Amino acid sequence: MTINTLAKGGWYREQMTCFRKMEKVIVAMQDPDMGMKMRNQRLLITVIPHAMTGRDVIDWLIQKYNICEEEALHVGGMLVRYGYIYPLKEPRSLVLRADETPYRFQTPYFWTSTRWPASELDYAIYLAKKNIRKQGELMEYEKERYSLLHKRINHTWDFVVMQAREQLRASKQRRKADRIVLECQEQAYWLINRPPPGAHNVLDMGLEKPNNFSLRVTLNSDYYKREIESCRRALGRNRVKSSICLEGFVKFSEQYQNHDPIMQGCLPSNPWISDDTAHWTMNSEIVPVPTRLRVERWSFSFMELLNDPIGRREFMTYLEKEFSAENLCFWQACEDIRHGESSKIIQKVEDVYKNFLAPGAARWVNIDSKTMDKTLEGIKHPHRFVMDDAQLHIYFLMKKDSYPRYLKSDLYKNMLAKAIVPQETKKSVFPFMRRQRHSSPSPAQAVTQVTEEDGRAMGAGKAGTNSAAGSHV
Amino acid sequence: MCDQTFVAVTFGPCDSCSKASPLMNIYIKNEPINYCSFCVEMMACQGLQKGETLASLKRECDNLKKKLEEERGKLNDVELHQVAEKTEVLGALSVKTRRVLKGHGNKVLCMDWCKDRRRLVSSSQDGKVIVWDAFTLNKEHGITLPCTWVMACAYAPSGCAVACGGLDNKCSVVPLSLDKTENLAAKKKSVAMHTNYVSGCTFTNSDMQLLTCSGDGTCALWDVESGQLLQSFHGHTADVLSLDLAPSETGNTFVSGGCDKKANVWDMRSGQNIQSFESHESDINCVKYYPSGDAFASASDDATCRFYDLRADREVAVYQKDSIIFGASTVDFSLSGRLLFAGYNDYTINAWDVLKGTRVSVLFGHENRISRVRVSPDGTALCSASWDNTLRIWA
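Residues numbered from 1 in each chain as written. Chains lettered and ligands numbered in written order. Predicted model: local features only at pLDDT ≥ 70, side-chain atom pairs only at ≥ 80, totals over all residues. Heavy atoms only, no water.

So, the overall build of chain B
Summing up its helical and strand segments, chain B has 3 helices and 31 strands in all. When the accessible surface of chain B is summed, it comes to about 14,500 Å², and 49% of that surface belongs to carbon and sulfur atoms. Positive and negative side-chain charges in chain B, numbering 42 and 47 respectively, have mean positions lying 3 Å apart. (Helix = DSSP H or I, 4+ residues; strand = E, 2+ residues; numbered from the N terminus. Areas by Shrake-Rupley, 256 points an atom, 1.4 Å probe, with all protein chains shown as cover. Lys, Arg positive; Asp, Glu negative; His and termini not counted. Charge placed at Lys NZ, Arg CZ, Asp CG, Glu CD.)

Structure follows, in structure tokens:
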């Protein structure tokens, strides 16, 4: 049986950094010069010193971090949730209010990070104290936990009760104000470390990660040899000047800005906002007339053209006119090999060889001799990537030669001229009337249909495909 | 007396010398080995040449890394925000919650959009995977997995299947059927097998290949049809938490990030680690490529997101703010790459201007950690999944 090692794993690391950062903020808040002004707060008949209002906290955060009210409320709220600031009036509600509600800083003794994780023994002592003080009037969930602890650590129960009595006696000797403060602080600590059922558990960390085998891996000389090897390779790489690369990002974002719905909106309207799916219908995979933005995008890069089914079809038409359509067909067939089923690779490679590479093939593609030789060698032992070099060669051929000419061609220019520019949907006169949201056929449906058709009409393969295509849009 | 922390190791016969003694549990290339400490030292010294020691190798490695940083710095002639000075400042984003998807009974850990721009799949801690039509809020499919913590889910490019995996150390592909009487979980097919939890998965350009990353420190490429391992990627020294496929013309690389604070770029064909970046101060929770494929962004527990340029081979921007204290768990770019949405452990989503490095907007609404943000395929909306059991669509 393997007992895994140290208790301080990923959780500890992750949470500790957050705690430390929050603590820095708290310390800054209490700075005598730049911190918040504190005052005395009246709580029923006692006066609690060193308290502040929710409003004070928020104003200080706004000023210190130069953020808006909503964010300051959120950041302050997190400080309260993690117990660094606790409310005086409604101690069970760990929420920051932006008004005159009084709050106080938690003493570092009771910071979650100081005594983490909170121990069962301490919780038992706390509940025992409360039990004695309130003469058995604990909350339901506290009663349950108390009896559970009683069962679990029964062997130290005498110690628990003794400690509880001692602490109560010591606290009776304090001033009333101090006693109330201490009780509040302790209660706040336990509200966070043992939240009531149903309350948000702020310390919920999820799955423990990582697995501490990093140490073990580095014990091996193999590891360092591999690292040295990859460092050497990295040193030898070609790098591009920053000014050129970064300019590239600026240009890219500028080029695509009009196409970015979150930034510029989309025509006729964003379906998620207006509940109108016209935008999606106009931009489906296959439409009779594509939109202007879509056709423009084909000119951004060769990949954009090929990734769009209509763009690819148009390009094929153009290539047919130029009698170089076999290039695109070859490229598509290679893609099919690369991304298709493993079991069909051998068959597909053979087909590609027969149709495109064999001497005298019907659609022979023009590859340089070196690549051709290498590919033909590779075909003897076909695998998924055997066509890669040839495919790349043809891809760059199309990209450097046919693609720029296509963009200058009448075919493309006409496409651009015919393209639709949708009208922006006028905002509804009754904005609160919601449109009915229509559902769309699931892409999964297409496959189910095809298999049904295939089952029924074995010979009529074409009919099957047609009906599937019909159900798609 | 009651609360004690103690270090324990296994005790038993050593795999190498067969003597019974306290054992160290090591992983060598994913194989677990139990050696006694003496044998571990012996093994570590194997393969050392004359005059080499582990310490000397480590020193050589550190020196090379320093030289690499110097080389990278040489071509650094301008900063990103300087180049971006001429671009216009972005106004505040008017993005609001448009849909709230309720239905999961526990933390939602992952989500992925379908290519049809309106459907998505989400997975949660209680083992349920749900396929939604987010536009109508209809739940179309529900799959119950026998394991909890389903941390990874992905929609197949065809829209006909989903992949999911997590604490069961596997990633399975489930074909989606519209037959209501069919139990989808019965048709589940195990594709990927790891030796630790699966933290992320994605299909490549087709339904036939699946790329996964795992808590066992490796990434792997699988053939869906046969379940065969096509390629495995070793190099991380701790859990790998995230991966993303490059949108490049040659479609051959992907990036992964993990608990060893490194982001590695891999070649899918050879399994080699092409580039490596180590500038975060804590675990990298998520990596995502810039739309052009020339760069990627990462989100980390150190409360920053960083932007790495692949051609310049260095980190070019850090997105951080004093008031952001909690770690970032997820990032995604808007369609143009100008905006970077990052989800944080303080329940908010921050939108950053990628070029200028400033924060554009904060999105409030979730009541617990954000586990995943993803922009829809046509860029019309942002979906966020959270530990508050809901998903939100923002537009």
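Examining the UniProt feature "domain: RGS" (unreviewed entry) in chain A
Taken from the UniProt record, the annotation "domain: RGS" (unreviewed entry) applies to residues 301-416 of chain A. Helix makes up 75% of residues 301-416 of chain A and strand 0%, with an end-to-end C-alpha separation of 16 Å. (UniProt positions renumbered as here; feature names shortened; annotations may be inferred.)

Examining the domain arrangement of chain B
According to the domain assignment, chain B consists of domain 1 (1-47) and domain 2 (97-394). For domain 1 of chain B and domain 2 of chain B, the distance between their C-alpha centres works out to 35 Å. (Domains from an automatic or database assignment.)

With respect to the interface of chain A and chain B
Taken residue by residue, the interface counts 116 residues in chain A and 148 residues in chain B. Summing both partners gives a buried area of about 11,200 Å² for chain A against chain B, and 61% of it is carried by carbon and sulfur. Contact with chain B buries area across many residues of chain A, yet Phe249, Ile262 and Trp272 of chain A alone supply 8% of it, more than any other trio. Here chain A and chain B share 10 salt bridges between them. In this structure, the salt-bridge partner of Asp204 of chain A is Lys107 of chain B, at a minimum N-O distance of 2.8 Å. For the pair chain A and chain B, the number of links is 36 residue pairs in polar contact (both at pLDDT 80 or more). When the residues that make up the side of chain A that touches chain B are grouped by side-chain class, the tally is 51 nonpolar, 34 polar and 31 charged. (Contact = heavy atoms within 4.5 Å. Buried area = accessible area lost by both parts, 1.4 Å probe. Salt bridge = Lys/Arg side-chain N within 4 Å of Asp/Glu carboxyl O. Polar contact = N/O pair within 3.5 Å; in protein donor to acceptor, adjacent residues only side chain to side chain. Nonpolar A, V, L, I, M, F, W, Y, C, P; charged D, E, K, R; others polar.)

A word on the nonpolar core
All names here are of chain A. The biggest cluster of nonpolar side chains holds 40 residues, and the ones touching the most others in it are Phe315, Phe330, Leu357 and Met387. At the level of elements, helix H15 (302-307), helix H16 (309-322), helix H17 (325-339), helix H18 (345-357), helix H19 (369-379), helix H20 (388-408) and helix H21 (410-418) are the ones that each hand at least two residues to this core. Top element by residues in this core is H17. It accounts for 8 residues. In this view, Met387 contacts Cys334, Ile337, Val349, Val352, Leu357, Thr375 and Ile379; residues no more than four positions away in its chain are not counted. Counting 37 residues, the second-largest nonpolar core is a separate cluster that includes Met36, Ile58, Tyr65 and Ile67. (Core = buried A, V, L, I, M, F, W, Y, C linked by side-chain atoms within 4.5 Å. Buried < 20%, exposed > 50% of the residue type's maximum accessible area, 1.4 Å probe, protein only.)

Concerning the packing of aromatic side chains
For the coordinates displayed, the defined rule picks out 42 aromatic pairs over all chains. With centroids separated by 5.5 Å and ring planes inclined at 80°, the aromatic side chains of Tyr395 of chain A and Phe396 of chain A adopt a geometry described as edge-to-face. The class for Tyr395 of chain A is buried, based on a relative accessible area of 3%. Note on Phe396 of chain A: relative accessible area 29%, which makes it partly exposed. Taking 5.0 Å as the distance between ring centres and 45° as the angle between the ring planes, the aromatic pair formed by Phe277 of chain B and Tyr308 of chain B counts as tilted. Linking Phe277 of chain B in strand E20 (residues 273-277) with Tyr308 of chain B in strand E23 (residues 305-309), this pair joins segments that are 31 residues apart in sequence. Of the residues examined, Phe277 of chain B reaches a relative accessible area of 2% and is grouped as buried. Its relative accessible area of 1% is what places Tyr308 of chain B among the buried residues. (Phe/Tyr/Trp six-rings, centres within 6.5 Å; stacked < 30°, edge-to-face > 60°.)

Digging into unusual backbone geometry
Residues and elements named next belong to chain A. In this structure, Pro268 follows Leu267 across a cis peptide bond, with omega equal to -5°. Looking at the element boundaries, Pro268 is found in the loop between helix H11 (261-264) and helix H12 (271-274). Phi at Asp275 is positive, roughly 65°, even though this residue is not glycine. Residue position: Asp275 is located in the loop between H12 and helix H13 (278-282).

Considering the domain arrangement of chain A
Per the domain assignment, the segments of chain A are domain 1 (17-110), domain 2 (120-193) and domain 3 (266-418). When each unit is reduced to the centre of its C-alpha atoms, the spacing between domain 2 of chain A and domain 3 of chain A is 73 Å.

Details of the packing of H16 of chain A against H20 of chain A
All names here are of chain A. Closest axis-to-axis distance for the H16/H20 pair is 11 Å, and the angle between their directions is 95°. What the angle tells us is that H16 and H20 run roughly perpendicular. From H16, Glu314, Phe315, Tyr318, Leu319 and Glu322 reach across to H20, where they touch Met398, Ser402, Tyr403, Arg405 and Tyr406. In terms of residue class, the contact of H16 with H20 is built from 6 nonpolar, 1 polar and 3 charged. (Axes fitted to C-alpha atoms, helices over the stretch in contact; angles between N-to-C directions. Parallel < 35°, antiparallel > 145°, perpendicular 65-115°, else oblique.)

Some words on the UniProt feature "repeat: WD" (unreviewed entry) in chain B
All names here are of chain B. Residues annotated in UniProt with the feature "repeat: WD" (unreviewed entry) correspond here to residues 101-133, 191-232, 233-276, 277-318 and 363-395. A distance of 13 Å separates the end C-alpha atoms of residues 233-276, which is 0% helix and 52% strand. Counting secondary structure, residues 277-318 comes out at 0% helix and 55% strand; the distance between its end C-alpha atoms is 13 Å.

Remarks on the sheet that holds strand E27 (residues 349-353) of chain B
Residue and element names in this part refer to chain B. Spatial strand order, E25-E26-E27-E28: 4 strands in an open sheet with antiparallel pairing. The open sheet has two edge strands, strand E25 (328-333) and strand E28 (359-363), and neither has a second partner. Strand after strand, the sheet turns through a mean of 20° between neighbouring axes, direction not considered. Of the pairings in the sheet, the one linking E27 to E28 comprises 4 bridges and is antiparallel in character. Note on E28: the bridge partner recorded for Trp352 is Arg359. (Pairing = 2+ DSSP bridges.)

Some words on the UniProt feature "coiled-coil region" (unreviewed entry) in chain B
Under the UniProt annotation, the feature "coiled-coil region" (unreviewed entry) is placed at residues 54-81 of chain B. Taken end to end, residues 54-81 of chain B has its terminal C-alpha atoms 42 Å apart, with 82% of it in helix and 0% in strand.

Brief notes about the confidence of the model for chain A
Residues and elements named next belong to chain A. Chain-level pLDDT for chain A is 84 on average; 86% of the residues reach the 70-or-more range. In the predicted structure, residues 1-7 sits below a pLDDT of 50 and forms 8 contacts with residues beyond four places in sequence or in another chain. Low confidence marks residues 449-473, where pLDDT is under 50. Its contacts with residues over four positions away, or in another chain, come to 13 contacts. (pLDDT = per-residue confidence, 0-100.)

Some details on H18 of chain A
Residue and element names in this part refer to chain A. Considered for burial, the residues of H18 that qualify are Ile345, Lys348, Val349, Val352, Phe356 and Leu357. Projected down its long axis, H18 carries its buried residues within an arc of 100°, all on one side. In H18, the exposed positions that point more than 90 degrees away from the buried face belong to Ile346 and Lys354. In this fold, the buried residues of H18 make contact with H17 and H19. (Arc of directions from axis to C-beta.)

Some remarks on the state of the cysteines
All names here are of chain B. Summed over the entire model, instances satisfying the criterion amount to 0 disulfides over all chains. With no disulfide of its own, Cys147 has Cys164 as its nearest cysteine by sulfur position, at a separation of 8.0 Å. On the basis of relative accessible area, Cys147 is assigned to the buried category, the value being 10%. Free of any disulfide, Cys213 has its nearest neighbouring cysteine sulfur in Cys219, separated by 5.4 Å. (Disulfide = S-S within 2.5 Å.)

Comments concerning the sheet that holds strand E8 (residues 138-144) of chain B
Residues and elements named next belong to chain B. Here we have 4 strands laid out as an open sheet, ordered E5-E6-E7-E8, and antiparallel in their pairing. Across the chains shown, the open sheet's two edge strands, defined by having one partner strand only, are strand E5 (108-113) and E8. Sheet twist, expressed as the average angle between the axes of neighbouring strands with direction ignored, equals 20°. Bridge analysis of strand E7 (residues 128-133) against E8 gives 6 bridges, and the strand direction is antiparallel. Bridge pairing links Trp132 to Lys139 in E8.

Description of empty space enclosed by the protein
Taken as a whole and judged by the stated rule, the model has 5 cavities of 30 Å³ or more. The space that makes up the largest cavity amounts to roughly 110 Å³. What lines the largest cavity is Arg338, His339 and Phe385 of chain A together with Thr204, Asn205, Gln209, Leu221, Gly251, Asn252 and Met268 of chain B. Split into classes, the residues belonging to the lining of the largest cavity amount to 3 nonpolar, 6 polar and 1 charged. (1 Å grid on protein atoms, 1.4 Å probe; cavity = no way out; pocket = protein on both sides within 12 Å on 5 of 7 lines; lining within 4 Å. Points joined across faces, edges and corners; volume = space filled by probe spheres on them.)

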